[in-house]
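Fold and contact review
Read off the chains here:
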Amino acid sequence: MSVTAPETQWRHVPVRLDVERWATRRIRRRVLAVVHTVVSGQRLLEAVRLLAGDSQVQVFFTSAPDVFSNGVATFLDQLKGLVLPWSQAVQTEFDLALAASHGGLHELHAPVIVLPHGAGHNKITPGGRRGRLVAERGVYGLSRQRLVRDGTVVPEAIVLAHHEELTRLGRECPEALPAAEVVGDPCFDRITASLPSRALYREALRTRARQRLVLACSTWGSDSLLGRNWELLERLVHELPRDEYRVAALLHPHVWNAHGEWQIRSWLAELERAGLTLISQYGDWVGALVAADYIVGDHGSVSLYGVMTGAPVLMAGLPEAEVDPGSPLAELRRFAPRLRGDRPLRPQLSRSSTAYDALRHERVAARITSEPGQFARKMRALIYRKLRLRAPAIRQTVEPARLPLTVRHDEPGSAAL
């Protein structure tokens, strides 16, 4: 996103010093949604939506610096919200800021609530600051490297999904424990609400009644399914009979935005023509997950959410991908069958159905959140407590996921592929 010229930085009515001359509605509180990446922006919407219907509050959006910020401008443009350049956001006082990543938060003039942008906190990452790797390693989102700046915990509130994460946070960054708030997981709640609509999602993905849908889910990076096993996607499409199976691919937004949508579609063009269904990054991924009969994943969050659906979860990607051994994702990886590249795929899928252990999957699902169905209520209470406002009397409901969107070669702009 381009930086606004200095002489026009302060043109937006709600942040002008003479706001009351121009504004139609008197605003009592200003909230900034800090969007680092497309995936963090998608998670932030789960919290921002909880302010709907409250005319006391004005929400602003800004694009924070991040190596995966490509795609954020399009994401924000589709929202049609009021977007401030980062250079202005860090010079403006807000009553509250919401974020689902950590970069630059210490520059803001606002109390900050930080949410996880995936299924809890599972990945171990090297620390880094100002482009330099450092020796310290920790669980992303829980480590001191992410939460503390100049000896001070940056977030005023750190949102957790499960009470057991308090123990892990205490191990990683004990000084951050007073800021922890266990409120639940919005994706867990939406998946639960969407399960009764499974037939609708399968229809949207053009999956016939007797077909089995295989959903290949890849997170980003060299250790992911696509990074290590690109040929697996090719094999799924070519080995499985099309009259019995439908194969779909769900890629992490970082995959799309690190390489560019045109490039990803170009790489996968022949597989799409051979029958692969490609899920759009701009749609709701929950419906595709609920529709699946088999989930082929890696160390990404979608694989973990897959344990809620009743479908077998099979692992691809790097077996030694760095996952916190105490996390629910690590527990899943210890028992989920791994697809063997030296054996036919169809029998492996069939065996995963026969060996499916519902109790094991349910046990892992119970570790995703200790507050099932409570995210909207508890997150809304947290936001309004930090805003020091009384929340409007609006009944909160969890809506089923929207129908998934697919990328198709008959779309405008696809002729070059």
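Here the structure is shown first, and the text comes after it.
This section reports on the structure supplied with the text.

The rules behind the values
Residues numbered from 1 in each chain as written. Predicted model: local features only at pLDDT ≥ 70, side-chain atom pairs only at ≥ 80, totals over all residues. Heavy atoms only, no water. Helix = DSSP H or I, 4+ residues; strand = E, 2+ residues; numbered from the N terminus. Buried < 20%, exposed > 50% of the residue type's maximum accessible area, 1.4 Å probe, protein only. Pairing = 2+ DSSP bridges. Axes fitted to C-alpha atoms, helices over the stretch in contact; angles between N-to-C directions. Parallel < 35°, antiparallel > 145°, perpendicular 65-115°, else oblique. Left-handed = near helix turned anticlockwise from the far one by under 90°. Contact = heavy atoms within 4.5 Å. Nonpolar A, V, L, I, M, F, W, Y, C, P; charged D, E, K, R; others polar. Core = buried A, V, L, I, M, F, W, Y, C linked by side-chain atoms within 4.5 Å. Phe/Tyr/Trp six-rings, centres within 6.5 Å; stacked < 30°, edge-to-face > 60°. Lys NZ or Arg CZ within 6 Å of the ring centre and 35° of its normal. Arc of directions from axis to C-beta. 1 Å grid on protein atoms, 1.4 Å probe; cavity = no way out; pocket = protein on both sides within 12 Å on 5 of 7 lines; lining within 4 Å. Points joined across faces, edges and corners; volume = space filled by probe spheres on them.

Next up on the list: the environment of Thr354. Checked against the element boundaries, Thr354 lands in helix H15 (residues 345–354). Under the relative-accessibility criterion, Thr354 is labelled exposed at 72%. Along the sequence, Thr354 and Pro312 sit 42 residues apart, while their C-alpha atoms lie 9.5 Å from each other.

Take the sheet that holds strand S15 (residues 294–297) next. The six strands are arranged S16-S15-S12-S13-S14-S17 in an open sheet whose pairing can be described as mixed. The open sheet has two free edges, formed respectively by strand S16 (313–315) and strand S17 (406–407), since each of these has just one partner strand. In this sheet, S16 lies alongside S15 in parallel orientation, the contact comprising three bridges. Note on S16: the bridge partner recorded for Gly297 is Met315.

Close contact between helix H14 (residues 328–335) and helix H16 (residues 358–366) brings their axes to 9 Å; oriented N to C, the two are set at 165 degrees. As far as their axial angle goes, H16 and H14 are roughly antiparallel. Regarding H14 and H16, the two cross each other, and that crossing is left-handed. For the pair H14 and H16, the contacting residues are Pro328, Glu331, Leu332 and Phe335 in the first and Arg360, His361, Arg363 and Val364 in the second. When the residues that make up the contact of H14 with H16 are grouped by side-chain class, the tally is four nonpolar, one polar and three charged.

With that out of the way, let us pick up the nonpolar core. Membership of the largest hydrophobic core comes to 38 residues, with the highest contact counts inside it found for Trp285, Tyr305 and Leu332. Contributing elements (two or more residues each) for this core: helix H7 (186–194), strand S12 (212–218), strand S13 (245–251), helix H12 (286–291), helix H13 (301–305), S16, H14 and H16. It is H12 that contributes the most residues to this core, five residues altogether. Dropping the residues within four chain positions of it, Leu332 is found in contact with Ser303, Leu304, Val307, Val313, Met315 and Val364. If you look at the next biggest cluster of nonpolar residues, it comprises 32 residues, including Leu44, Phe375, Ile383 and Tyr384.

This structure, assessed with the given rule, holds four aromatic pairs. Their ring planes at 65 degrees and their centres at 5.6 Å tell us that Phe60 and Phe94 sit as a pair that is edge-to-face. Pair noted here: Phe60 is in strand S2 (residues 57–63) and Phe94 is in the loop between helix H4 (86–89) and strand S4 (96–99), with a separation of 34 residues, a long-range link. A ring pair is formed by Phe68 and Trp220, whose centres lie 4.9 Å apart and whose planes are at 65 degrees; its orientation type is edge-to-face. Of the two residues, Phe68 is situated in the loop between S2 and helix H3 (72–79) and Trp220 in the loop between S12 and helix H9 (225–239); the sequence distance between them amounts to 152 residues. Of note, Arg30 hangs over the ring of Phe94, and the distance from its end group to the ring centre comes to 5.9 Å.

The α-helix winds at 3.6 residues per turn, so residues separated by three or four positions along the chain end up facing the same way. Among the residues of helix H6 (residues 164–172), Glu165, Arg168, Leu169 and Glu172 are the ones counted as buried. Mapping the buried residues of H6 onto a view down its axis gives an arc of 100 degrees, with all of them on the same face. Projecting away from the buried face of H6 at angles above 90 degrees are the exposed residues Thr167 and Arg171.

Right, let's get into empty space enclosed by the protein. Tallied over the full model, the rule gives two cavities of 30 Å³ or more. Residue lining of the largest cavity: Ala119, Gly120, His121, Asn122, His162, Glu164, Glu165, Arg168, Pro328, Arg367 and Ile368, and that is the complete set. The leading source of residues in the lining of the largest cavity is H6, at three residues. Class assignment of the residues belonging to the lining of the largest cavity gives a composition of three nonpolar, four polar and four charged. Taken as a whole, the second largest cavity spans an internal volume of roughly 30 Å³.

From the geometry alone we can't say anything about function, so treat these as descriptive.
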